[in-house]
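# Residue-level structural notes
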Amino acid sequence: MAGKTIVVVGAGPVGALAALFASSRGYQVHVYELRPDLRNAGTQPLNFTKSINLALSERGIHALRSTGNNELVQSILERTIPMHGRMIHTRSATGTISQQSQLYDVHGRYQRSIDRGEINDILLDHLASLPNVKLFFQHKLTGADFQKKKAWFEMMDKPSSSGRAREIEIDFDLMIGADGAHSATRFHMMKFARLDYQQEYIDCMWCEFKMAPNASGDFAIHPNRLHIWPAGAFMFIALPNLDKSFVCTLFGPVSLFNRLEQSSQDEIVATFDKYFPGVTDHIRPDDLVQQFRRNPHLPLINIKCSPYHFSDSVVIVGDAAHAMVPFYGQGMNAGLESVRVLFSKLDQLSRVDEALAAYTDERKADAHAIADLALANYTEMRSSVTSPVYKLRKQIEEFLYHYAPGLGWATQYSRVSFSNTRYSEVIIKSQSQKQILTWLLGSVITGGTYAAFKIFRKFFRQH
Ligand code: FAD
């Protein structure tokens, strides 16, 4: 395929990485992006009116490293802040505010907080310097014929004399759709492939807030933690920024957002003070209310579909193939990993249709697995983190992970975030560990009960 044309639709982080992989294999790469040049638009990504901070973890870094461009990876890592664990903020029954640190990994591995706009900009800057890559901004995919390998784009910046956007027709050898959760590539592919598709809006909205540096210009709270204020049915989180501010997000059911939207300023502040202790010490109450009213209240979508390709003509990656809720911090990481897997199949197999089919086969199981894990992690973050049973299980698992590495024991979190084990295998391994742990705990409890019964019987006989 070298010398042939790969068209990438979407220049988000996943599309940009796909373009980089394609370019390094000698393809002519044309990237079409709906928005204006994202580098000139500040850090504002698509589908969001503001930038968000992401947790970049092993899978994403491994995929970036697989480009072979260590300098590029280094420049991305330099723009990250390590988050060694969670900081759980709660209020005790007596009203005392407390913070509890829960490290992510007994071996010291960590997540990295990065502004999504920054990772995107670095990748795009690099792409723009490559001779076999062309970037077309403000080009919107409007149609595609995947039998004839033709596609149509609207040029948003060049309206015709009638005022309507002009359309161009292009040819390609392979189209990679990386155009996000509401993918036009996927939509047009559906007319050719027998594509199963499942979309779910979960009962959760999100709104972003900014926590500025404190009066001395420093981080207002611990910089190397992902901060969580769990409140049962909802939660508030904060991720650090290089400028010493935090990007915070309120996640909660639609009913909570509806109620807060109808509430007065004092009621909003009272809700925050009740459920997210200490937040209004760091975000001024009037600023907090303004941010809640000004910033968009956005839904969360979960998309499962299959196959991810049609013939040797088109393939989808990233959110276009597997948009998931953000509670495992894996959406972008999984998208970058998908690009790595896709190109490993293209490298291994000489026929493109077979490579795309192999990609679908492998990725479907894994993408569906992480989508399920991400949904389950919402419960963990907003409530389980404070439960004694959860903490006990975490401690036992970490103990075994640390002191009995020969057993191959590892926490689910570390397998997802700090390894490249396939997501589908993570689920299998975690389930078998859970069974062993339940059996062990059950044995301890049964043994203890039996011993207590014997002591009681002896005591009863003696008296
Ligand atoms: P996108 O970033 O959506 O990019 C798609 C691109 O396609 C856009 O640039 C768009 O303009 C372009 N496009 C769309 N339609 C067209 C068209 N018709 N023609 C041409 N171009 C088009 N992930 C993590 O890994 N870690 C996290 O901590 C994390 N936190 C998150 C927190 C929140 C609140 C949310 C909502 C998501 C989070 N995610 C996280 C998920 C992550 O943001 C996404 O998985 C990631 O951005 C997907 O990248 P993408 O390139 O596939 O899609």
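Calculation rules
- All residue numbers refer to position in the chain's written sequence, counted from 1.
- Since the coordinates come from a predicted model, pLDDT governs what is reported: local features require at least 70, and pairs of side-chain atoms require 80 or more to be given and counted, while whole-chain, interface and lining totals use all residues.
- Hydrogens are left out, water is left out, and the side-chain values use all remaining heavy atoms of the structure.
- UniProt positions are given in the numbering used here, feature names are shortened, and annotations may be inferred rather than shown by experiment.
- Labels follow the DSSP assignment, with helices taken as runs of H or I lasting at least four residues and strands as runs of E lasting at least two, numbered in each case from the N terminus.
- With C-alpha atoms as the basis for the radius of gyration, the globule rule is written as 2.2 Å multiplied by the number of residues raised to the power 0.38.
- Relative accessibility thresholds used throughout: buried, under 20% of the residue-type maximum; exposed, over 50%; partly exposed, between the two (1.4 Å probe, protein chains only).
- Any two residues whose heavy atoms approach within 4.5 Å at even a single point are treated as in contact.
- In these tables, accessible area is a Shrake-Rupley quantity obtained with a 1.4 Å probe, and a residue counts as shielded only by the protein chains included in the view.
- Note on definitions. A residue lies near a molecule or strand when any single heavy atom of the residue is within 4 Å of it.
- The term polar contact refers here to a pair of N or O atoms within 3.5 Å; inside protein, the definition further demands a hydrogen-donor-capable atom paired with an acceptor-capable atom, and it admits residues adjacent in sequence only when both atoms are side-chain atoms.
- Working definition: a ring pair exists when centres of Phe, Tyr or Trp rings (six-membered ring for Trp) sit within 6.5 Å. Plane angles under 30 degrees give stacked, over 60 give edge-to-face, the rest tilted.
- Ring-over charges, as used throughout, are those where CZ of Arg or NZ of Lys falls within 6 Å of the ring centre and within 35 degrees of the ring normal.
- Site definitions follow a grid-based scheme: protein atoms alone, a 1 Å grid, a 1.4 Å probe that fits but cannot get out for cavities, and for pockets an open set with protein on both sides within 12 Å along at least five of seven lines, plus lining residues having an atom within 4 Å of a point.
- Grid points are joined across faces, edges and corners, and a volume is the space filled by probe spheres set on the points.
- Under this grouping Gly is polar, as are all residues other than the nonpolar Ala, Val, Leu, Ile, Met, Phe, Trp, Tyr, Cys and Pro and the charged Asp, Glu, Lys and Arg.
- How far each domain reaches was decided by an automatic or database domain assignment.
- In this description, a line fitted to the C-alpha atoms serves as the axis of each element, helices being fitted only across the stretch in contact, and the angle between N-to-C directions of two axes falls anywhere from 0 to 180 degrees.
- By convention, the crossing between two helices is left-handed when the near helix turns anticlockwise from the far helix through less than a right angle, and right-handed when the turn is clockwise.
- Definition of nonpolar core: a set of buried residues of the types Ala, Val, Leu, Ile, Met, Phe, Trp, Tyr and Cys, connected through side-chain atoms within 4.5 Å.
- Values of pLDDT, ranging from 0 to 100, describe the predictor's confidence in every residue of the model.

- Looking at an unreviewed UniProt entry, one finds the protein chain named Kynurenine 3-monooxygenase and attributed to Exophiala mesophila.
- UniProt lists a comment for the protein chain under the heading Subcellular location (unreviewed entry), and it reads "Mitochondrion outer membrane".
- Quoted straight from UniProt, the Pathway (unreviewed entry) entry for the protein chain says "Cofactor biosynthesis; NAD(+) biosynthesis; quinolinate from L-kynurenine: step 1/3."

### Focus: the overall build of the protein chain
- For the protein chain, the count of helices and strands is 15 helices and 19 strands.
- In summary, the protein chain has a C-alpha radius of gyration of 25 Å against a globular reference of 23 Å for 463 residues, a match within 12%.
- Expressed along its principal axes, the backbone C-alpha trace of the protein chain runs to roughly 100 × 55 × 40 Å.
- Relative to its 463 residues, the protein chain shows a buried fraction of 52%.
- Counted over contacts in the protein chain with a minimum sequence separation of 6, partners at least 24 positions apart contribute 70%.
- Total accessible area on the protein chain stands at roughly 21000 Å², and carbon and sulfur atoms take up 53% of it.

### Remarks on the site of the ligand
- The environment of the ligand is formed by 32 residues, the closest being E33, A55, R116, D319 and M332.
- Taking V14, its main chain carries an N or O atom lying 3.2 Å from an oxygen atom of the ligand.
- Between a nitrogen atom of the ligand and a main-chain N or O atom of G331, the distance comes to 3.4 Å.
- In isolation the ligand has 1000 Å² of accessible area, and contact with the protein removes 94% of it.
- Sorting the residues of the shell around the ligand by element identifies α1 (13–24), β2 (28–33), β3 (53–56), β9 (139–145) and α11 (331–348) as the ones contributing at least two each.

### Re the packing of aromatic side chains
- As enumerated under the stated definition, the model contains 23 aromatic pairs in all.
- Between F234 and Y275, the aromatic rings sit 4.9 Å apart at their centres with planes inclined by 75°, giving edge-to-face as the arrangement. Note that F234 is positioned in the loop between β14 (225–230) and β15 (235–240) and Y275 in helix α7 (residues 265–275), a separation of 41 residues in sequence.
- Exposure remark for F234: the relative accessible area of 9% places this residue in the buried category.
- The exposure class of Y275 is partly exposed, given its relative accessible area of 29%.
- The ring of Y423 carries R59 above its face, with NZ or CZ at 4.0 Å from the centroid.

### Regarding the layout of surface pockets
- By volume, the second largest pocket amounts to about 730 Å³.
- Lining the second largest pocket are 25 residues, with E380, Y390, R393, E397 and Q412 positioned closest to its centre.
- At the level of secondary structure, the elements contributing two or more residues to the lining of the second largest pocket comprise β6 (97–103), α12 (352–382), α13 (388–403), α14 (412–418) and α15 (423–462).
- If one sorts the elements of the lining of the second largest pocket by residue count, α13 sits on top with six residues.
- Taken together, the residues that form the lining of the second largest pocket break down as nine nonpolar, nine polar and seven charged.
- The residues that make up the lining of the second largest pocket include at least three from each of domain 1 (5–82 + 113–199 + 303–378) and domain 3 (388–460).

### Comments concerning the packing of helix α2 (residues 58–65) against α11
- Interhelical geometry of α2 versus α11 gives an angle of 35° and a closest axis separation of 8 Å. Crossing angle aside, the handedness with which α2 passes α11 is left-handed. Residue-level contacts link R59, G60, H62, A63 and L64 of α2 to N333, L336, E337 and R340 of α11.
- Residues belonging to the contact of α2 with α11 are distributed by class as follows: three nonpolar, three polar and three charged.

### Some points on the nonpolar core
- Within the largest apolar cluster, 103 residues are counted, with the highest numbers of intra-cluster contacts made by M175, I176, F251, F327, L342 and F343.
- Ranked by residue count, the leading element in this core is α12, at 12 residues.
- Those residues within four positions of F327 in sequence are excluded, and the remaining contacts are I202, C204, M235, F251, L300, A374, N377, Y378 and M381.
- One finds F236, I268, F276 and V279 within the second-largest nonpolar core, a separate group that totals 28 residues.

### Regarding the confidence of the model for the protein chain
- Taken as a whole, the protein chain shows an average pLDDT of 91; of its residues, 93% reach a score of 70 or greater.
- Across residues 42–49, where pLDDT falls below 50, the model places 21 contacts with residues more than four positions away in sequence or in other chains.
- Both confidence scores are given for the complex: pTM 0.91, ipTM 0.99.

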